[in-house]
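Tertiary structure, described
Given next are the chains, with one letter for each unit.
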Amino acid sequence: MKLTYDIKDKPSFGKLIIFAFQQLLAILAATIAVPAIVGNGMSQSAALFGAGIGTIVYLLFTKFRSPVFLGSSFAFLGSMFAAFAGAVSAEAGFAGIILGAFFAGLVYVVIAIIVKVAGVKWIDKIMPAVVIGPTVSIIGLSLAGNAVGDMLGLAEKTDSGFAMNTHGWIGFVCALVTLFVVMICSVFGKRMGKLIPFIIGILAGYAVATCFTLIGTKTGNPDLIVIDFSVFSGMKFFALPDFTFIKAAKGISAVDGKYVASIAVAYVPVAFVVFAEHIADHKNLSSVINKDLLEDPGLHRTLLGDGVGSMVGAFFGGCPNTTYGESVGCVAITGNASIVTILCTAIMSIIISFFGPFVTFLSTIPACVMGGVCVTLYGFIAVSGLKMIQKVDLDQNKNLFVVAVILISGIGGMTLNIGKVTLTEIACALILGIITNVILSKKKDDVVEEKAE
C-alpha cells in the first residue's frame, strides 16, 4: 500500500503527538484489560508503563525498523491465573508472573538463536497451521467463562448458573450496551470508529453504569449502584504506578522449586503459540509497509525484541507483551509507518501511567463492562485461530484428527496435575496436537496415493 509516512519519515511535532495518541487509543483498551481481568491487585497503570518500556526495548532490538506497539498479551491470561492460583500468597503470585514472563521470553530468545543458525523451515514441521490454528482458538475459548462471568457478575451465582436479581440485570444491561456498541462501531463506524471500537464501547458502558449509579445514589437504591466513585476522593494528580517488582520482592521467599516448575509448565507452551502469532503479525505488517521484516531486520531480531521486551515489561507491569494487531491496523488505515510515531506512543504510555485521574478512572471501570468487551476480544482470538486452518485440507483424516484432538482436549478443560505441577488445558492441547501431528504426518495425502495407484 502507499504510505503517507514511511518508516524513517518524521512528522511535524504537532502531527506526531496526534498520531501517537491515536496509536495509544488503538492499543489502550486491550492493554489495560489484561490486568483488570486477572485482578489480584494487578495495576493497570503499571501495565501501561510496562507496555511502553517493552515497546522501546523491542524498537532497540529491531534497530528501529519495525513499526508496531507491544501491549499486554491475552494469550497468557490462563498462565497468569495459574500463577496466582498456585501461589501461597498474592505477593508470591506477583513473583510468579514475573518468573513466568522470564520463561516465556527465554523461549523467544532460544528460538531466535535457532532461527539465526538454522533458518525457519523446521518451525513449519513442528508447528504447522493444523496445530497452531486450533491451539490459538483454545486460548480464546478457554477464557469464555471469564467473559460471561464478568457480564453476569452482579447477579447471584448459584450451582445451576446465575439468578438474575435487579443488580444482576443492571450489570447485564451495561455489558450488553458495551458489547453492541463495540460491534456497531467495528462494523458500521468510519475510520476512527472502526479503529477504536473497544474504547468507544467501554465509554458507552461506563456512561450507562454512571447513570444507573447516580440514580441509585439519589434514590437510595443499592441495586442500581454499579460504580464506586469514592475512590476519586483524595486522588493524587500524579502517582507512582504500583510496579509488579515491588510486590514480587515481598513474596520471593515463598517461591519454591515445585512452584517454579508449575510456572514454567504454564507459560512455556503458550509462548510457542504466541510465537506463531508473532510470525503472522510480522508477515501482515510486512505487507502493509512494503518491506519484509523477516529479512530486515530479521525474524531473530523481532523475536529477541519481543522476548526481552516481554521480560522487561512484565518486571514493571506483570503482563508479558506481544505485538498488537490493533497497532498494525492503525498503521494500515492511517498509512503512517513512522517509527518515531511508535516511539512517541511508547513514551506517552509511560508518562500517562503516572497521571492520577486517568489511572483512577481506569480502576472504576465495572467488571460487567469489561465482560462485554471481552466477549469480542476472546472471540477474536478464537476466530483468528480458526482462520489459520482455512487452507488446511480437513478432508484428510490425518488433519481432521489433529484439529479434533486439540479442540476437544482444550474445550473439555483437560488439565493434568503431576504432583504440584499443573498442565493447563492449553498446554495439554498443544502437546497432544504436536504428538498427534508427528505420528500422523507420516501418512501421505490420499490424493497422492490415488495418483500413485
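1. Details of the nonpolar core
Counting 104 residues, the largest nonpolar core has Phe 74 and Tyr 378 as its most contacted members. The element best represented in this core is helix H4 (residues 90-118), accounting for 12 residues. Leave out the neighbours within four places in its chain, and Phe 74 touches Ala 30, Ala 33, Val 34, Ile 37, Ile 139, Leu 143, Tyr 324, Leu 377, Tyr 378 and Ile 381. Leu 59, Val 288, Ile 289 and Val 328 belong to the second largest nonpolar core, which has 15 residues in total.

2. Details of the environment of Thr 55
Looking at where Thr 55 falls in the secondary structure, it is placed in helix H2 (residues 44-61). Spatially, the C-alpha atoms of Thr 55 and Gly 410 are 31 Å apart, while their sequence positions differ by 355 residues. Side-chain polar atoms of Thr 55 contact the backbone nitrogen of Leu 70, separated by 3.0 Å.

3. Regarding H4
Between the first and last C-alpha of H4 there are 42 Å, a value that for 29 residues agrees with the 42 Å anticipated at 1.5 Å per step. Following H4 by one or two positions, Gly 119 adopts a phi angle in the positive range, close to 85°.

4. Regarding the pattern of salt bridges
Evaluation of the coordinates by the stated rule reveals three salt bridges. Here Asp 242 makes a salt bridge to Lys 247, at a shortest N to O gap of 3.0 Å. Taking the relative accessible area as the measure of exposure, Lys 247 reaches 19% and is therefore buried. In this structure, Lys 291 engages Asp 296 in a salt bridge whose closest nitrogen and oxygen atoms are separated by 3.5 Å. Lys 291 sits in the partly exposed class, given a relative accessible area of 28%. Owing to a relative accessible area of 28%, Asp 296 belongs among the partly exposed residues under this scheme. Members of the salt-bridge network, linked through shared partners, are Arg 65, Lys 291 and Asp 296.

Quick notes on the rules
- Residues numbered from 1 in each chain as written.
- Predicted model: local features only at pLDDT ≥ 70, side-chain atom pairs only at ≥ 80, totals over all residues.
- Heavy atoms only, no water.
- Core = buried A, V, L, I, M, F, W, Y, C linked by side-chain atoms within 4.5 Å.
- Buried < 20%, exposed > 50% of the residue type's maximum accessible area, 1.4 Å probe, protein only.
- Helix = DSSP H or I, 4+ residues; strand = E, 2+ residues; numbered from the N terminus.
- Contact = heavy atoms within 4.5 Å.
- Polar contact = N/O pair within 3.5 Å; in protein donor to acceptor, adjacent residues only side chain to side chain.
- Expected span 1.5 Å × (residues − 1).
- Salt bridge = Lys/Arg side-chain N within 4 Å of Asp/Glu carboxyl O.

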